Amino acid sequence: MKRVSLLLIVLVFILSCKKEEVETVQTINPVTPVIEFGFKFNDFNVQQDTIESGDTFGSIIDAQNLGKKEVFDIVEKVKDTFDVRIIREGKPFTILRTKDKTKKLQAFIYQPDRLNYYIIDFRDSIVVHKKTKPLTFKTRTIAGALNGSLSETLANEKVDASLATRIAKVYAWSIDFFKLQKGDKFAITFTERYISDSIYDGVDSLKASYFEYKGKNIYAFPFEHDLNSGKLEYYDEEGKALKNFFLKAPLKFINITSRYTKSRFHPVQHRWKAHNGTDYAASTGTPIMTTASGIVEQAGFTTGNGNFVKVKHDKTYSTQYLHMSKIVVKRGQRVTQGQVIGKVGSTGLATGPHVCYRFWKNGVQVDALKLKLPNSTPMDSKNKPRFIAQMTPLKRELDSVSALKFKK
């Protein structure tokens, strides 16, 4: 009996100890610190809101019971760093106050964009700072096959849509993206921005890429000829410039409806005649670009051409753009490659909105699509070793990721 009693006492002791241990663990409930804009939010009464229509800096601060004169004095003290007139509807702001019953104003924080913010600190004396959140850059390489447009394909890879536009500009002289087919392969290396290491802020730069086009991989690598100039040109893996003297077409998105030919049945005149240009269909108002830099030689209207512009590029080449709905340049004006010179229309002898693109070489009209057009200035030989050194690891990365992606 004594043994039974002793056993019961031991069991009760053990159970009470375990219960006490569990209770001790449950009482530990640390508050996770929340730190933003350099402030530990746990120490403040925090109000986060957005600017509404009619709000001003003065009205927001006045609501903190400071008095009209004090608000005026604050505006005067901060105006050299923080112009209170920059406050815009829909932008976020944060107010920090003491946690006691006085709820005394400690700081006002305004964010004009996701990256920058202003702090007006009221704790000791009124001090204002303009600050920028830290940016980090992460490099990513993806490989894939086209499934729809380039924009759609990149969206499926969770890549910011702006990269598609950037790529189209890089390859404007070498690839007609309307001729890329479903299943054509590609690989891209690019950097992405993150604010405070966590908030995605889009694509920062294109570092390398290739696209399968007409059975060949066309690579693109940026290179800075003059260090610290910030000016980049794009080259293939052999150091040949992607940028040509001429763009491939006067529209960003290409839909050829009629080609250069010595005999075509004219859709308006209903007779067979030469068509000395290439027709690109597009909706009315689509911007028309000059395919190379030069001087506007003619800008006007004729019954057949409608509104048109002719640009002289040098002693050898000229181009003409017909059937515009609107001309936006003047005769004698200097224009640069890719500059908008008019808008697509159907003026003159045209059955629908399009631009007829005509090309002259040594005063003779020729087929621009069959002409071997001159490249831009080739890479200086003294820069070639530096380019090869930069390009080689980037190409290796593209090829490696691509090989893994399409490994059977």
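Everything here concerns the structure above.
Per chain, the residues get numbers from 1 upward, laid out in the order the sequence is written. The predicted nature of this model means local features are confined to residues of pLDDT at least 70 and side-chain atom pairs, given and counted, to a pLDDT of 80 or more, with totals for whole chains, interfaces and linings taken over all residues. To get the side-chain values, all heavy atoms of the structure are used, and hydrogens and water are removed first.

It is worth spelling out the overall build of the protein at this point. Regarding its fold elements, the protein presents six helices and 24 strands. Here's how the labels work: a residue is buried when its accessible area is under 20% of the maximum for its type, exposed when over 50%, partly exposed in between, all with a 1.4 Å probe on protein chains only. When the 408 residues of the protein are sorted by exposure, 37% land in the buried category. Any two residues whose heavy atoms approach within 4.5 Å at even a single point are treated as in contact. Sequence-distant contacts in the protein: of pairs separated by 6 or more residues, those separated by 24 or more amount to 59%. Each accessible area is a Shrake-Rupley result for a 1.4 Å probe, and residues are judged covered by the shown protein chains and nothing else. Element-wise, carbon and sulfur atoms account for 53% of the exposed surface of the protein, whose accessible area totals about 23900 Å². Per the convention used, a helix needs a DSSP run of H or I reaching at least four residues, while a strand needs a run of E reaching at least two, with both numbered from the N terminus.

What follows covers the sheet that holds strand S10 (residues 199–213). Each strand in a sheet pairs with its neighbour through backbone hydrogen bonds, running either in the same direction (parallel) or in the opposite one (antiparallel). Paired strands, as defined in this entry, are two strands with at least two bridges between them according to DSSP. Read from one edge to the other, the open sheet built from five strands follows the order S8-S9-S10-S11-S12, with strand pairing classed as antiparallel. Of all the strands in the sheet, just strand S8 (135–145) and strand S12 (233–235) have a single pairing partner and so form its edges. Taking the axes of each pair of neighbouring strands and ignoring which way they run, one obtains an average angle of 30° across the sheet. Two strands pair when backbone bridges link them, and strand S11 (residues 216–223) and S12 are joined in this way by three bridges, in the antiparallel orientation. From the neighbouring strand, Phe223 faces S12, where its bridge partner is Glu233. Axis lines are fitted through C-alpha atoms, for helices just across the contact stretch, and the angle between N-to-C directions can take any value from 0 to 180 degrees.

What follows deals with the environment of Tyr280. Along the chain, Tyr280 turns up in strand S16 (residues 278–281). For the pair Tyr280 and Pro353, spaced 73 residues apart in sequence, the C-alpha separation works out to 8.9 Å.

When two rings of Phe, Tyr or Trp (its six-membered ring) have centres within 6.5 Å they constitute a pair, described as stacked for plane angles under 30 degrees, edge-to-face for angles over 60, and tilted for the intermediate range. A full pass over the atoms with the stated rule returns 20 aromatic pairs. Geometrically, the ring pair formed by Phe82 and Tyr110 is tilted, given 6.1 Å between the ring centres and 55° between the ring planes. Taken as a pair, Phe82 in the loop between helix H3 (68–78) and strand S4 (92–97) and Tyr110 in strand S5 (residues 105–110) lie far apart in primary sequence, 28 residues in all. Note on accessibility: Phe82 and Tyr110 belong to one class, buried. Summarising the aromatic geometry, the rings of Tyr235 and Phe387 are spaced 5.9 Å apart at their centres and angled 65° between planes, so their arrangement reads as edge-to-face. One end of the pair, Tyr235, is in strand S12; the other, Phe387, is in helix H6 (residues 384–405), with 152 residues separating them in the sequence. Residue Tyr235 is classed as buried on the basis of its relative accessible area, which comes to 3%. The rings of Phe57, Phe82, Phe93, Phe108, Tyr110 and Tyr118 are connected pair by pair, giving a single aromatic cluster. When the ring centre of Phe406 is taken as reference, the NZ or CZ atom of Lys185 above it lies at 5.2 Å. The ring of Trp360 has Lys310 sitting right over it, with the charged end atom 3.9 Å from the ring centre. Only lysine NZ and arginine CZ atoms are considered, and such an atom sits over a ring when it is within 6 Å of the ring centre and within 35 degrees of the ring normal.

Right, let's get into the pairing of strand S7 (residues 127–132). Bridge count for strand S6 (residues 116–121) against S7 is six bridges, and the pairing is antiparallel. When the sheet's bridge partners are listed, Asn116 is paired in S7 with Thr132. Count of turn residues in the S6/S7 antiparallel hairpin: five residues.

With respect to topology, five strands assemble into an open sheet ordered S3-S4-S5-S6-S7, the strand pairing being antiparallel. Strands at the two margins of the open sheet, each flanked by one partner only, are strand S3 (45–50) and S7. With strand direction ignored, the average angle separating the axes of adjacent strands in the sheet is 15°. Across six bridges, the pairing between S3 and S4 is antiparallel. Residue pairing for S4: Val46 is matched across the bridge by Leu96.

Moving on: the pairing of strand S20 (residues 317–327). Counting buried residues along S20, eight of its eleven residues qualify, which places the element largely inside the surrounding structure. The sheet contact formed by strand S19 (residues 306–312) and S20 spans five bridges and is antiparallel. When the bridges of S20 are listed, Lys312 appears paired with Ser318. As consecutive antiparallel partners, S19 and S20 are separated by four residues. Here six bridges tie S20 to strand S23 (residues 354–361), and the two strands are oriented antiparallel to one another. When the sheet's bridge partners are listed, Ser318 is paired in S23 with Trp360. Of the pairings in the sheet, the one linking S20 to strand S22 (residues 340–344) comprises three bridges and is antiparallel in character. Looking at the pairing, Met324 lines up with Val344 of S22.

Ranked by size, the top nonpolar core spans 23 residues in total, and within it Leu154, Leu163, Ile167, Tyr171, Ile188 and Phe211 carry the most contacts. Elements with a contribution of two residues or more to this core: helix H4 (150–156), helix H5 (162–170), strand S9 (185–195), S10 and S11. With residues up to four places along the chain from it excluded, the contact list for Ile188 reads Arg140, Thr141, Ile142, Leu154, Leu163, Ile167, Leu206, Ala208, Ser209, Phe211 and Leu398. Of all hydrophobic cores here, the second largest spans 21 residues; its members include Ala282, Ala292, Val296 and Ile341. Here, nonpolar core refers to any group of buried Ala, Val, Leu, Ile, Met, Phe, Trp, Tyr and Cys residues whose side-chain atoms link them within 4.5 Å.

The next subject is the layout of surface pockets. Using a probe with the size of a water molecule, rolled over the atoms, empty space left in the structure can be pinpointed. Here the term cavity refers to a set of points on a 1 Å grid, laid over the protein atoms alone, in which a 1.4 Å probe fits but cannot get out; the term pocket refers to an open set having protein on both sides within 12 Å along at least five of seven lines, with lining residues being those that place an atom within 4 Å of a point. Grid points are joined across faces, edges and corners, and a volume is the space filled by probe spheres set on the points. Of the pockets and cavities examined, the largest pocket occupies roughly 980 Å³. Lining the largest pocket are 32 residues, and of these Trp173, Ser174, Tyr213, Asn244 and Lys248 sit closest to its centre. Considering every element that reaches the lining of the largest pocket, the biggest residue donor is S11, with four residues. Asp, Glu, Lys and Arg are counted as charged, while Ala, Val, Leu, Ile, Met, Phe, Trp, Tyr, Cys and Pro are counted as nonpolar; the rest, among them Gly, fall into the polar class. Of the residues belonging to the lining of the largest pocket, the class tally is 17 nonpolar, four polar and eleven charged.

Note that an α-helix has 3.6 residues per turn; residues three or four places apart therefore point the same way. Inspection of H5 places Leu163, Ala164, Ile167 and Val170 among the buried residues, and these make up the whole buried set. Angular distribution of buried residues about the axis of H5 spans 120°; they occupy a single face of the element. In this structure, the buried residues of H5 make contact with H4, S9, S10, S11 and S12. What the arc covers is the set of directions going from the helix axis to the C-beta atoms.

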